[in-house]
Amino acid sequence: MTDTGKEKCAHTSLRNEVDQLSLATNHLKNLVYSMSVVLSERMEHTQEYEALLTLFDTVRNHIEDVQGSSEKISVLLEPCALEISKD
């Protein structure tokens, strides 16, 4: 395999991983939304509610961080894709 072929393969593999990361992030966002519905509809304002709400916010923040990183990686991959496609 030529160097260009290896670069294309590596780029495609990395792009696939980023796409999988984005998909996982979306699934997690849906789960967090479901958690918020359950929290708001089924629990009273107790210590457990406050603890779960804190956990919910923490998970949501981490998901947003992962999504932001995924988007940055995608932006960084674009120039590489253009350069490889020229070869």
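Our structure is the block above this text.
Keep in mind that this is a model prediction, so the values were computed, not measured. (Residues numbered from 1 in each chain as written. Predicted model: local features only at pLDDT ≥ 70, side-chain atom pairs only at ≥ 80, totals over all residues. Heavy atoms only, no water.)

## Details of the pattern of salt bridges
Move 1: Evaluation of the coordinates by the stated rule reveals two salt bridges.
Move 2: The partner of Arg 15 in a salt bridge is Asp 19, and the shortest N-O contact between them spans 3.8 Å. Here Arg 15 and its partner Asp 19 are both found in helix α1 (residues 3–42), four residues apart, which amounts to about one turn of the helix.
Move 3: What makes Arg 15 buried here is its relative accessible area of 18%.
Move 4: Judged by relative accessible area, Asp 19 falls into the partly exposed class, the value being 40%.
Move 5: Between Asp 57 and Arg 60 there is a salt bridge, and its shortest N-O distance comes to 3.2 Å. Taken together, the residues span about one helical turn, with Asp 57 and Arg 60 both in helix α2 (residues 47–86) at a distance of three residues.
Move 6: On the accessibility criterion, Asp 57 (28% relative accessible area) is partly exposed. (Salt bridge = Lys/Arg side-chain N within 4 Å of Asp/Glu carboxyl O. Helix = DSSP H or I, 4+ residues; strand = E, 2+ residues; numbered from the N terminus. Buried < 20%, exposed > 50% of the residue type's maximum accessible area, 1.4 Å probe, protein only.)

## Describing the environment of Glu 78
Move 1: One can find Glu 78 in helix α2.
Move 2: Counting along the chain gives 67 residues from Glu 78 to His 11, while the straight-line C-alpha distance between them is 9.7 Å.

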